[in-house]
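Reading the structure
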Amino acid sequence: MNREKRTEIFRRLRDQRPEPTTELHYASAFELLVAVVLSAQATDVGVNKATARLFPVANTPAAIRALGVDGLKEYIKTIGLFNSKAENIIKLCDQLLDQHDGQVPRSRAALEALPGVGRKTANVVLNTAFGEPTIAVDTHIFRVSNRTRIAPGKNVQEVEQRLLRVVPEEFKRDCHHWLILHGRYTCTARKPKCGECIIADLCEFPLSQRPA
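Residues numbered from 1 in each chain as written. Predicted model: local features only at pLDDT ≥ 70, side-chain atom pairs only at ≥ 80, totals over all residues. Heavy atoms only, no water.

1. Structural notes on the layout of surface pockets
Volume-wise, the largest pocket comes out at about 490 Å³. Contributing to the lining of the largest pocket are 23 residues, with S39, D44, D138, I180 and R184 lying nearest its centre. Looking at the lining of the largest pocket, the elements that each hand over two or more residues are α3 (44–54), α7 (119–128), α8 (139–148) and α10 (172–185). A total of six residues in the lining of the largest pocket trace back to one element, the largest contributor, which is α10. Classifying every residue of the lining of the largest pocket gives nine nonpolar, nine polar and five charged. (1 Å grid on protein atoms, 1.4 Å probe; cavity = no way out; pocket = protein on both sides within 12 Å on 5 of 7 lines; lining within 4 Å. Points joined across faces, edges and corners; volume = space filled by probe spheres on them. Helix = DSSP H or I, 4+ residues; strand = E, 2+ residues; numbered from the N terminus. Nonpolar A, V, L, I, M, F, W, Y, C, P; charged D, E, K, R; others polar.)

Now the structure itself:
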């Protein structure tokens, strides 16, 4: 796929959603960090239901640490893997309080050193909380990037690096949100809605494989 086609794709995605953002509910960098940790192998809707109960009671590292693992589990037990997530979040709070004065660090290395935080989570926090032009590749973005041929790759790391190379600078900050929302609502896994897609004429997904 050439640069002109990619530029037009992102121009259209921007016109469709001029101010895209995560569908996770949060009011601070710390709330976002917790929500993203909880979202692994869970839906945003499910996470939002849990944090709607949790955050009014505890939405700082100190307050969540005070709940303890068992106390935190009561708020997040509707989410998959809640046992390990509760343990990681309490350890994460310990580390934020002990090493970062209770603040979410803006450094990738410091974020990835937190329990339960990998590269994807760090990318989301850097991008959404701090406005960094990072691109967190999840299953939606991996699928869209490969299917459209915007940035094909064999694994998420390859797709991320290719997106960082080929996405024009003006679109980089919001690229993550545009692609994830496009994958969630239009370029879906089982039956992409090619007939409703605003970039269908630019997409390099073979016509023979597109749903009727």
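2. Considering the environment of I64
Here I64 is to be found in helix α4 (residues 61–76). The exposure class assigned to I64 is buried, which follows from its relative accessible area of 0%. If we skip the residues at most four places from it in the chain, I64 touches F30, V34, L54, A58, L72, I89, I90 and C93. (Buried < 20%, exposed > 50% of the residue type's maximum accessible area, 1.4 Å probe, protein only. Contact = heavy atoms within 4.5 Å.)

3. A few points about the nonpolar core
By size, the foremost hydrophobic cluster in this structure holds 33 residues, and its most contacted members are L33 and I64. Among the elements that take part in this core, helix α2 (residues 29–38) stands out by supplying eight residues, more than any other. With 24 residues, the next largest nonpolar core counts I9, I135, I150 and A200 among its residues. (Core = buried A, V, L, I, M, F, W, Y, C linked by side-chain atoms within 4.5 Å.)

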